[in-house]
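# Survey of secondary and tertiary structure
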Amino acid sequence: MPDPIANAVRGLLDRQDPNAPHSLLTRFLVSAIIVFAQLVLYGVYGVMGAVVMYLLGVELGGLSLRWMYLPIGVALAFALWGAGKMLGDYWRNYGH
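Residues numbered from 1 in each chain as written. Predicted model: local features only at pLDDT ≥ 70, side-chain atom pairs only at ≥ 80, totals over all residues. Heavy atoms only, no water.

### Re the overall build of the protein chain
Across its full length, the protein chain carries three helices and zero strands. For the protein chain, the succession of helices and strands along the chain, N to C, is α-α-α. By the burial criterion, 20% of the 96 residues in the protein chain qualify as buried. A separation threshold of at least 6 residues defines the contact pool for the protein chain, and within that pool the share at least 24 residues apart is 65%. Surface summary for the protein chain: the accessible area is close to 7100 Å², and the carbon and sulfur share equals 72%. (Helix = DSSP H or I, 4+ residues; strand = E, 2+ residues; numbered from the N terminus. Buried < 20%, exposed > 50% of the residue type's maximum accessible area, 1.4 Å probe, protein only. Contact = heavy atoms within 4.5 Å. Areas by Shrake-Rupley, 256 points an atom, 1.4 Å probe, with all protein chains shown as cover.)

In structure tokens, the structure reads:
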């Protein structure tokens, strides 16, 4: 069963001239991949931090269960901050 996303990316890259500027579609695709990768990476860190916060803060420390969401929020904030820096670098320095 062919993967439609892989086919779309393959078709996009097949038409891309390495010496030509990136098209707007290519720029948006690369930007979406950057944001998605950052969210997944830091999301995993946030979940691991939430487990630690649950075990240490909620179970041992007696904190409210809402404190468990703090590491996830912090991790996602760092993910968006890092993605913003990468997107700025990509749009300024690459693809043109």
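### Observations regarding helix H3 (residues 70–93)
Taking 1.5 Å as the rise per residue, H3 with 24 residues should run 34 Å; its terminal C-alpha atoms sit 35 Å apart, in good agreement. For H3, the set of buried residues is Pro 71, Ala 75, Ala 79, Gly 82, Ala 83 and Tyr 90. As for H3, its buried residues are in contact with helix H2 (24–60). (Expected span 1.5 Å × (residues − 1).)

### So, the packing of aromatic side chains
Applying the stated rule across the entire model yields four aromatic pairs. Look at Tyr 42 and Tyr 45: their rings are 5.8 Å apart centre to centre, the planes differ by 90°, and that puts the pair in the edge-to-face class. Taken together, the positions of Tyr 42 and Tyr 45, both in helix H2 and three residues apart, correspond to about one turn of that helix. For Tyr 42, a relative accessible area of 26% gives the class partly exposed. We classify Tyr 45 as partly exposed; its relative accessible area is 44%. (Phe/Tyr/Trp six-rings, centres within 6.5 Å; stacked < 30°, edge-to-face > 60°.)

### Some remarks on the confidence of the model for the protein chain
Mean pLDDT over the protein chain works out to 87, with 96% of the residues at or above the 70 mark. When pLDDT is averaged over each element of the protein chain, H3 comes out on top at 94 and helix H1 (residues 4–15) at the bottom at 75. (pLDDT = per-residue confidence, 0-100.)

### Some details on a nonpolar patch on the surface
Together, Val 47, Val 51, Val 52, Tyr 54, Leu 55, Leu 56, Leu 60 and Leu 65 give the surface a local cluster of nonpolar side chains, amounting to about 750 Å² of exposed area. Residue position: Leu 56 is located in helix H2. Exposure remark for Leu 56: the relative accessible area of 54% places this residue in the exposed category. (Patch = residues over 30% accessible without salt bridge, like charges linked within 9 Å, V, L, I, M, F, W, Y side chains within 5 Å. Salt bridge = Lys/Arg side-chain N within 4 Å of Asp/Glu carboxyl O.)

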